[in-house]
Amino acid sequence: MANTSDRSKRTDVNTLGEFGLIDHLTSGFELRQPSSIKGVGDDGAVIDNGNMMTVVSTDMLVEGIHFDLMYSPLKHLGYKSIVVNLSDIYAMNAIPKQVTVSIALSNRFSVEALEELYDGIKRACDYYKVDLIGGDTTSSPKGLYISVTAIGQVEKDRVVYRNTAKAGDLICITGNVGAAYLGLQLLEREKQLYLSNPDIKPDLEEQDFLVGRQLKPEARKDMIDVFKKSGLQPTSMIDVSDGVASEIFHLCKQSKVGAFIEESGVPIHPDAQMMALKFQLDPITCALNGGEDYELIFTIDPKDLDKVKYLPDIYIMGEIVPASDGIKLHTKGGNIHDLSAQGWKHF
Ligand code: ADP
Ligand code: MG
């Protein structure tokens, strides 16, 4: 390992960022098994299983980074930890079948608390019809860690990758974005108010939509059924975990293309619009950079436009262009500028 031979060298992980770090650590690994069709770099890995492809995705949720138990009920957290993984399986156009759940916890957690967590996990397994088939349980010095692996299946010729978008393809999204981020802002605001004065009652009335999008998201299982029924094969697909802009960047980088996004084509829920303005934030910035919406962004060949035009919940937000045209946002005001991807920086 050449890059670790100089033991005196210490590089801060911040210099690479999350995705740079993943690239750096994994670029030296080659796929040696003929059945390993897709390794690192997509929403899920793809394994050839004969008639079908198996899709595998894993995610880890860390207390204090991905969730705050001051406002995340454990039941919702359990539900969400499954949903975020299933979303990655759907983003490959596959149907999730099984999950494993591993937890590390400190002695702060009671059996009753963990029952709550597993109640949420069970509800998600019931709703999405997946089986919990295993996991691991261990202790942690501090805090709760939840790692979920989801396993799905898809017919060989239906799997959809991130790296297959072509110039001229239309960029679609399955629903509104930005609400989960604004829900988080609301919960954070109420937390700070509570910490400064525990007598203040939380003011979350009429914000069920935003708070719900943050605490209890759903994955777009329905869309995979819609694609199948309407005979639509997206040319590429990714789910929105880090934020629309960041996902568009991944898709473009992997497909070696650019994108032209219409601000007016990015769906924002009226509640999110209003709340952004209350927080003095730009609604479109929240929509593009917020994240955790778990909608699907996919591209289609323009000849398939008729197949999506009349489907509910599909919005066309732009077009794939040659890489040399860059990744641009056409604002409602008529300006064109570079789309910036802030995403989430956990380091
Ligand atoms: P997503 O946001 O869709 O869950 P990530 O951004 O977490 O995807 O991961 C991007 C890709 O990098 C995936 O293929 C994932 O499996 C891979 N990956 C992430 N972390 C590691 C790691 N520590 N070692 C190997 N592969 C990793
Ligand atoms: Mg993903």
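Small disclaimer: the values here were computed from a predicted structure and weren't measured.

J.: What should I look at first to understand the sheet that holds strand E9 (residues 257-262) in this one?
T.: Pairing between the strands of a sheet is mediated by backbone hydrogen bonds and can be parallel or antiparallel. One open sheet holds the seven strands; their spatial order is E8-E10-E7-E11-E9-E12-E13, and the pairing between them is mixed. Bordering the open sheet on either side are strand E8 (236-239) and strand E13 (336-338), each of which pairs with just one other strand. If you compare each strand with its neighbour and ignore which way they point, the axes differ by 25 degrees on average.

J.: What is the right way to look at a nonpolar patch on the surface in this model?
T.: Residues Phe19, Ile22 and Val40 make up a contiguous nonpolar surface patch of about 250 Å² in total accessible area. Within the secondary structure, Phe19 is located in helix H1 (residues 17-26). The class for Phe19 is partly exposed, based on a relative accessible area of 34%.

J.: Looking at this model, I keep getting lost on the site of ligand 1. Mind explaining?
T.: Neighbouring residues of ligand 1: Phe19, Ile22, Thr26, Val40, Gly41, Asp42, Asp43, Asp59, Asp88, Arg162 and Ser241. Asp42 places a main-chain nitrogen or oxygen 3.1 Å from an oxygen atom of ligand 1. Interatomic distance of 3.0 Å between a side-chain N/O atom of Asp43 and an oxygen atom of ligand 1. Classifying every residue of the shell around ligand 1 gives three nonpolar, three polar and five charged.

J.: What am I meant to see in unusual backbone geometry here?
T.: Among all residues except glycine, the phi angle is most often negative; among peptide bonds, the trans geometry is most common. Backbone geometry at Asn93 places phi at a positive 70 degrees, although glycine is not the residue there. Relative to the elements of secondary structure, Asn93 occurs in the loop between helix H2 (74-90) and strand E4 (95-105). For Asn93, a relative accessible area of 4% puts it in the buried group.

J.: I'm lost on the domain arrangement of the chain in this one. Help?
T.: Size of an interface, as often reported, equals the accessible area lost when the parts are brought together. What the domain assignment lists for the chain is domain 1 (43-158) and domain 2 (170-338). The centre of domain 1, based on its C-alpha atoms, is set 22 Å off from the matching centre of domain 2. Contacts between the two partners involve 25 residues from domain 1 and, on the opposite side, 26 residues from domain 2. Taking both partners together, domain 1 and domain 2 bury about 2,300 Å²; carbon and sulfur atoms supply 57% of that area. Where domain 1 meets domain 2, there are three salt bridges. Where domain 1 meets domain 2, there are eleven residue pairs in polar contact (both at pLDDT 80 or more).

J.: Looking at this structure, how should I read the environment of Gly78?
T.: Relative to the helices and strands, Gly78 resides in helix H2. Note: C-alpha distance between Gly78 and Leu114 (36 residues apart in sequence) is 9.3 Å. Those residues in contact with Gly78 that lie beyond four places of it in its chain are Leu117, Gly120 and Ile121.

J.: Looking at this model, I keep getting lost on the state of the cysteines. Mind explaining?
T.: In a disulfide, the sulfur atoms of two cysteines are held together by a covalent bond. Tallied over the entire structure, the rule returns zero disulfides. You can see Cys172 has no disulfide; the closest cysteine sulfur is in Cys252, sitting 14 Å from it.

Conventions adopted
- Residues numbered from 1 in each chain as written.
- Chains lettered and ligands numbered in written order.
- Predicted model: local features only at pLDDT ≥ 70, side-chain atom pairs only at ≥ 80, totals over all residues.
- Heavy atoms only, no water.
- Pairing = 2+ DSSP bridges.
- Helix = DSSP H or I, 4+ residues; strand = E, 2+ residues; numbered from the N terminus.
- Axes fitted to C-alpha atoms, helices over the stretch in contact; angles between N-to-C directions.
- Patch = residues over 30% accessible without salt bridge, like charges linked within 9 Å, V, L, I, M, F, W, Y side chains within 5 Å.
- Areas by Shrake-Rupley, 256 points an atom, 1.4 Å probe, with all protein chains shown as cover.
- Salt bridge = Lys/Arg side-chain N within 4 Å of Asp/Glu carboxyl O.
- Buried < 20%, exposed > 50% of the residue type's maximum accessible area, 1.4 Å probe, protein only.
- Near = heavy atom within 4 Å.
- Polar contact = N/O pair within 3.5 Å; in protein donor to acceptor, adjacent residues only side chain to side chain.
- Nonpolar A, V, L, I, M, F, W, Y, C, P; charged D, E, K, R; others polar.
- Domains from an automatic or database assignment.
- Contact = heavy atoms within 4.5 Å.
- Buried area = accessible area lost by both parts, 1.4 Å probe.
- Disulfide = S-S within 2.5 Å.

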